[in-house]
Amino acid sequence: MDINGARVLVAGATGVLGGALTSELTARGARTALAGRDPDRLARAAQPHPEAPTVLFDAYSPESCVRAVHEAAAALGGLDAVVTAFGAVAFGRAEELADGVAEHLMAVNFLAPAAFLRAGLGIMERGSVISAFTGVVADRPQAGMADYSASKAALSAWLSAARREARAAGIRVLDIRPGHLETGFADRPVAGTAPPLSAGGDPRQVVRAVADAMSTDAELVRTAPNGMPVVERRAG
């Protein structure tokens, strides 16, 4: 996919990763649409991108996620890529985490992104891309984060299955699995307290790698042992 001129919906554009990705794609010539749940934050995120349409969604309402995709497609005259860059985290031992928190994590980290991407698959054409930030926990579940790890692993598994289906239609599926990044995400858990964490990676390096991956035939972005993002052609 040629990023220059591509029509890209960034769901979660009000966050650190989503905002950085929006800026990176725009700098490469993409026409972006920004999706977020908070009207005020969405308006602030859109200020550097005055020509970009904005759409609201509620992660607890898959119908609103589908509607956001169709509204963005209408505003841009179609979509060449949909990227989900939002989520929620919680910390605590598996037996201690409340069932309501576990349900929240699954809704925000799996069901809502899948609704965005499913809607994208339904309207996009050959050469398009769907992509989601899953994270290293999708590969290596962490103690004290069982339900968070499970929700991200569920999304990664969905991407793997959808990839096999989408290949015949010429649509690529990109899984983004970075390690810990300096986004402040761990400081805003819906439950529990983050354990001591080492310094995270640079989000700007990751979004550059994501943009590179979107413009090639890559299926995976991951973090190497040296902390640098790696783009891989096959997800495995």
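Everything below is about the structure printed above this text.
Parameters at a glance
- Residues numbered from 1 in each chain as written.
- Predicted model: local features only at pLDDT ≥ 70, side-chain atom pairs only at ≥ 80, totals over all residues.
- Heavy atoms only, no water.
- Helix = DSSP H or I, 4+ residues; strand = E, 2+ residues; numbered from the N terminus.
- Expected span 1.5 Å × (residues − 1).
- Bend = angle between axes of the 7 residues up to and from the residue.
- Phe/Tyr/Trp six-rings, centres within 6.5 Å; stacked < 30°, edge-to-face > 60°.
- Buried < 20%, exposed > 50% of the residue type's maximum accessible area, 1.4 Å probe, protein only.
- Pairing = 2+ DSSP bridges.
- Right-handed = clockwise from strand over helix to strand, strands pointing away.
- Patch = residues over 30% accessible without salt bridge, like charges linked within 9 Å, V, L, I, M, F, W, Y side chains within 5 Å.
- Areas by Shrake-Rupley, 256 points an atom, 1.4 Å probe, with all protein chains shown as cover.
- Salt bridge = Lys/Arg side-chain N within 4 Å of Asp/Glu carboxyl O.
- Lys, Arg positive; Asp, Glu negative; His and termini not counted.
- Charge placed at Lys NZ, Arg CZ, Asp CG, Glu CD.
- Core = buried A, V, L, I, M, F, W, Y, C linked by side-chain atoms within 4.5 Å.
- Contact = heavy atoms within 4.5 Å.

Enquirer: Can you help me understand helix α4 (residues 99-123) in this one?
Expert: Because each turn of an α-helix spans 3.6 residues, side chains separated by three or four positions in sequence point in the same direction. Taking 1.5 Å of rise per residue, 25 residues should cover 36 Å, and α4 covers 35 Å from first to last C-alpha, within 8% of that figure. The largest bend in α4 is about 35 degrees, located at A107.

Enquirer: Explain the packing of aromatic side chains here, please?
Expert: Given two aromatic rings, one states the distance between the centres and the angle between the planes to describe the pair. Under the counting rule described, the total for this entry stands at three aromatic pairs. Measuring from ring centre to ring centre gives 4.9 Å for F57 and F116, while their planes differ by 90 degrees; the resulting arrangement is edge-to-face. Here the residue F57 occupies a position in the loop between β3 (54-56) and α3 (62-76), and F116 occupies one in helix α4, the gap between them amounting to 59 residues. Residue classification places F116 among the buried residues on the basis of a relative accessible area of 0%. Members of the aromatic cluster, joined through ring pairs, are F57, F86 and F116.

Enquirer: Looking at this structure, I do not really get the pairing of strand β7 (residues 220-223). What am I missing?
Expert: Successive side chains on a regular strand alternate, one facing one side of the sheet and the next facing the other. With three bridges joining them, strand β6 (residues 172-177) and β7 adopt parallel strand pairing. Paired with D175 across the bridge in β7 is L220. Each parallel crossover has a hand, and the one from β6 via helix α6 (residues 203-214) to β7 is left-handed. Taking the residues between adjacent antiparallel strands as the criterion, β7 and strand β8 (residues 229-232) are bridged by five residues, where G227 takes a positive phi near 90 degrees.

Enquirer: Is there a simple way to think about a positive patch on the surface in this case?
Expert: Where like charges cluster on the molecular surface, the positive patch consists of R37, R41, R44 and R188. One can find R44 in helix α2 (residues 39-46).

Enquirer: I'm lost on the nonpolar core in this one. Help?
Expert: Soluble globular proteins tend to pack their nonpolar side chains together in the buried interior. Judged by nonpolar contacts, the single largest core of 46 residues is most densely connected at L9, F57, L79, F86, F116 and W158. Of all the secondary-structure elements, those providing two or more residues to this core are β1 (7-11), β2 (31-36), α3, α4, β5 (129-133) and α5 (146-166). The dominant element in this core, judged by the number of residues it contributes, is α4, at ten residues. When sequence neighbours within four positions are dropped, the list of residues in contact with F86 reads A11, G12, F57, A59, V108, A112, P113, F116 and K152.

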